[in-house]
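Structural features, examined
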Amino acid sequence: MRLRSWIDPEKTPTVGRTPDYRFSLANERTFLAWIRTGLALVAGGLGCAQFLPPLPIAYLREIIAVSLLVLGGIVALRAVDHWARTERAMRLGEELPGSKFPAILAVVVALGALLLIVAVLLQSPR
């Protein structure tokens, strides 16, 4: 049922009252920002796979690329789930759903940046 509401919201029964359109549009803009983040991560993963030279640690380039691709997919799925839960909460007049995902994503990106720093330092000529 939840997946159906993502793909075809017109077929799912409407709950609650229609919220102020400004809030729905703000929710949609947030969703689109998350989608852009997911696309940027996917592009970064493809960029690493295609343009990052082989690194001294075996398969590090591939690990970085696949990690970014997977993270981009997770961000996209999380975006649509959060959009649907927020829209439902607004319609029912409930508290908006909280999320730890932005903090988790920030930590994962920071750790990935540290990994890239190590890779660059190992790659640099001495």
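What counts, and at which threshold
- Residues numbered from 1 in each chain as written.
- Predicted model: local features only at pLDDT ≥ 70, side-chain atom pairs only at ≥ 80, totals over all residues.
- Heavy atoms only, no water.
- UniProt positions renumbered as here; feature names shortened; annotations may be inferred.
- Helix = DSSP H or I, 4+ residues; strand = E, 2+ residues; numbered from the N terminus.
- Buried < 20%, exposed > 50% of the residue type's maximum accessible area, 1.4 Å probe, protein only.
- Areas by Shrake-Rupley, 256 points an atom, 1.4 Å probe, with all protein chains shown as cover.
- Salt bridge = Lys/Arg side-chain N within 4 Å of Asp/Glu carboxyl O.
- Phe/Tyr/Trp six-rings, centres within 6.5 Å; stacked < 30°, edge-to-face > 60°.

Within an unreviewed UniProt entry, the label attached to the chain reads DUF202 domain-containing protein, and the organism entered is Paractinoplanes ovalisporus. UniProt's Subcellular location (unreviewed entry) comment on the chain is quoted here verbatim: "Cell membrane".

1. Examining the overall build of the chain
On a plain count of helices and strands, the chain comes out with 4 helices and 0 strands. Starting at the N terminus and walking to the C terminus, you meet the elements of the chain as α-α-α-α. Taken across its 126 residues, the chain has 22% of its residues classed as buried. Carbon together with sulfur atoms contributes 68% to the accessible area of the chain, which is approximately 8900 Å² in total.

2. Comments concerning the UniProt feature "transmembrane region" (unreviewed entry) in the chain
Cross-referencing UniProt, the feature "transmembrane region" (unreviewed entry) maps to residues 31-52, 58-80 and 101-122 in the present numbering. As a span, residues 31-52 carries 95% helix and 0% strand, and end to end its C-alpha atoms are 30 Å apart. Measuring from the first to the last C-alpha atom of residues 58-80 gives 36 Å, for a span that is 91% helix and 0% strand.

3. A look at the pattern of salt bridges
In the structure shown here, the tally under the stated rule is 4 salt bridges. Between E62 and R61 there is a salt bridge, and its shortest N-O distance comes to 3.4 Å. If you follow the salt bridges from partner to partner, you end up with R78, D81 and R85 in one network.

4. Notes on the packing of aromatic side chains
This structure, assessed with the given rule, holds 2 aromatic pairs. Here F31 and W83 contribute two aromatic rings whose centre-to-centre distance is 6.4 Å and whose plane-to-plane angle is 50 degrees, an arrangement assigned as tilted. Linking F31 in helix α2 (residues 21-51) with W83 in helix α3 (residues 60-92), this pair joins segments that are 52 residues apart in sequence. With a relative accessible area of 21%, F31 lands in the partly exposed category.

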